[in-house]
Structure formats: C-alpha cells, structure tokens
Amino acid sequence: DQTGTWVEYERELPGEKFPELASIAENVGPVKVYVKATKTESGYFVEGRAETKLDLICTRCLGTFTYDLEASFSDQFLPEGSFDHDQEDSLFNDQASTYQGDHLSLSPLITESLLLNLPMKVLCSSDCQGLCPDCGQNLNEETCQCVIDKPDPRLAPLADLFKNNSAREGDN
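What you see is a predicted model; the values in this text were computed from it and never measured. (Residues numbered from 1 in each chain as written. Predicted model: local features only at pLDDT ≥ 70, side-chain atom pairs only at ≥ 80, totals over all residues. Heavy atoms only, no water.)

## Topic: helix α3 (residues 107-116)
Convention followed: Relative accessibility thresholds used throughout: buried, under 20% of the residue-type maximum; exposed, over 50%; partly exposed, between the two (1.4 Å probe, protein chains only). By the criteria applied, helices consist of DSSP H or I runs no shorter than four residues and strands consist of E runs no shorter than two, each listed in order from the N terminus. Pairs of residues are marked as contacts when any of their non-hydrogen atoms sit within 4.5 Å.
Here α3 has its buried residues at Leu109, Ile110, Thr111, Ser113 and Leu114. Of the surrounding secondary structure, the elements contacted by the buried residues of α3 are α1 (19-22), β3 (31-39), β4 (44-57) and β5 (64-79).

## A word on the nonpolar core
Filter applied, for reference: The term nonpolar core refers to a set of buried residues drawn from Ala, Val, Leu, Ile, Met, Phe, Trp, Tyr and Cys, joined through side-chain atoms within 4.5 Å.
By size, the foremost hydrophobic cluster in this structure holds 28 residues, and its most contacted members are Phe73, Ile110 and Leu114. Elements with a contribution of two residues or more to this core: β3, β4, β5 and α3. Not counting chain neighbours up to four residues away, the residues in contact with Leu114 comprise Leu21, Val31, Ala50, Leu69, Glu70 and Ala71.

## Comments concerning the layout of surface pockets
What counts is decided by this rule: Using protein atoms alone on a 1 Å grid, points that fit a 1.4 Å probe yet trap it form a cavity, whereas open point sets bounded by protein on both sides within 12 Å along at least five of seven lines form a pocket; residues with an atom within 4 Å of a point count as lining. Grid points are joined across faces, edges and corners, and a volume is the space filled by probe spheres set on the points. Residues were grouped as follows: Ala, Val, Leu, Ile, Met, Phe, Trp, Tyr, Cys and Pro as nonpolar; Asp, Glu, Lys and Arg as charged; and all remaining residues, including Gly, as polar.
In this structure, the largest pocket occupies an estimated 490 Å³ of space. Along the walls of the largest pocket sit 25 residues, with Tyr9, Arg11, His103, Leu104 and Leu106 positioned nearest its centre. When contributions to the lining of the largest pocket are tallied by element, the ones reaching two or more residues are β1 (6-13), β3, β4 and α3. Its residues assigned to classes, the lining of the largest pocket comprises 14 nonpolar, 6 polar and 5 charged. Here the second largest pocket is characterised by a volume of approximately 200 Å³. As for the second largest pocket, its lining consists of 11 residues, of which Asp75, Ser97, Pro108, Leu109 and Glu112 are closest to the centre.

## Structural notes on the packing of aromatic side chains
Formally: Two aromatic rings from Phe, Tyr or Trp, using only the six-membered ring of Trp, form a pair when their centres are within 6.5 Å; if the ring planes differ by under 30 degrees the pair is stacked, by over 60 it is edge-to-face, and anything between is tilted. We count a charge as sitting over a ring when the NZ of a lysine or the CZ of an arginine lies within 6 Å of the ring centre and within 35 degrees of the ring normal.
Scanning all chains against the criterion turns up 2 aromatic pairs. Where Tyr44 meets Tyr99, the ring centres are 5.3 Å apart and the plane angle is 70°; that geometry is what we call edge-to-face. Residue Tyr44 is located in strand β4, and its partner Tyr99 is located in strand β6 (residues 97-99); the two are separated by 55 residues in the primary sequence. Per residue, the accessibility class of Tyr44 equals that of Tyr99, and both read buried. Relative to Tyr67, the ring of Phe65 lies with its centre 6.5 Å away and its plane at 90°, an arrangement referred to as edge-to-face. Against the face of Tyr9 rests Arg11, its NZ or CZ located 4.7 Å from the ring centre. Here Arg49 stacks its cationic end above the ring of Tyr34, 4.2 Å away from the centre of that ring.

## Observations concerning the pairing of β4
Cut-off, in case you're wondering: One bridge is not enough; two strands pair if DSSP finds at least two bridges between them.
On β4, burial follows the alternation: Tyr44, Val46, Gly48, Ala50, Thr52, Leu54 and Leu56 on one face are buried, whereas Phe45, Glu47, Arg49, Glu51, Lys53, Asp55 and Ile57 on the facing-out side are not. Inspection of the sheet shows strand β2 (residues 27-28) paired to β4 by 2 bridges, in the antiparallel sense. Bridging from a neighbouring strand, Val28 pairs with Leu54 of β4. As defined by bridge partners, β3 adjoins β4 across 8 bridges and the pair is classed as antiparallel. Residue Lys32 lies in a different strand from β4, and its bridge partner there is Glu51. The turn joining β3 and β4, which pair antiparallel and follow one another in sequence, is formed by 4 residues. Pairing geometry for β4 and β5, over 14 bridges, is antiparallel. Of the residues in β5, the one forming a bridge with Arg49 is Ser72.

## A closer look at the side chain of Thr40
Selection rule: We define a polar contact as two N or O atoms separated by no more than 3.5 Å, with the added condition that, inside protein, one atom must be a possible hydrogen donor and the other a possible acceptor, whereas residues neighbouring each other in sequence contribute only through side-chain atom pairs.
Secondary-structure assignment places Thr40 in the loop between β3 and β4. The buried category is assigned to Thr40, whose relative accessible area is 18%. A distance of 3.0 Å separates polar atoms of two side chains, one belonging to Thr40 and the other to Gln76. Apart from the residues lying within four places of it in its own chain, the contact partners of Thr40 are Thr3, Phe45 and Gln76.

Set out below in structure tokens:
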C-alpha cells in the first residue's frame, strides 16, 4: 500500500450490530455507512458518516417517535503494537485506534459518533407540551380540565403569612 492511496465504500449494516444504540432506542433501523480510508505513513486515516433511524421515547410526553440520526466521524488507525508506551505522547497512544493485518474495526467509532450526536433532551417536536403533571394527560393530544396554577404546597406557610399580614392591615 502506497501512502496517499485510498478506498471508499458504502454499506448498510443491520441495527443489531450496534447494541449500544439498541439499549437506548425502541427500534434501530439499518445503519448506512459511508467511509473513506486513506493510507498514511503511520497507518490509515478513516473518515466518513453514518445515518440511521431510531424509535425513541420523548422525554416530555413519553410518546414514541422516529428520529433521524446522522453523524460524521474520523480517526487515525495505527498498527497494533506500533507505538512505544514510554514515549511522551503515550497519553494519546493509550487511546489510539489500532488494527491488525488488513482489518479495521469501525463499529466502536461509528457507535461513539452516533451516540454523541443524540440530543441531550430527546423531544418528539420542539413544541411538545408534555404531560399534565396532575392527571398525566398527553397535552399534545388533548387538553385536560386540571387547574394548572396550583400553588406549590411547600410555599403554603408563606401564603398563610401573607393572609395574616393582610388581616392585620385590614384591622388598622
């Protein structure tokens, strides 16, 4: 292999090959992967993107919805055993991606990239109204008859204090 030579490929992998995604989603669709691997002096530089559809649960209304997830990734792969752990940059080499022979395992890189591109708060839509805190009705589907402006019971002593002050001022 000459430095600078590259190979590109596109594959569709079953979602079951990514168990970390399956642990957070109701269903994982096929993962489409586009990869370019370039031979470097020290190994291979891999870059690409992955996309899939996940059935997730909204954190506000608890409804299931399909989320289109896309992620770009890149990493340098070094031959296994090609670096000396006593070097100054050993902190980086401990984290280095390695390969043996002509096989690069991209699943961990793809999984990490997809997981990092998930939103912190998964919502079915930006205007999701969530559930009624009193009766549990999904407010996206139907409004409920609950009184929303109920005072916080922890603040009841303050309300009593204001009532007492109002009564005293009325006496004057």
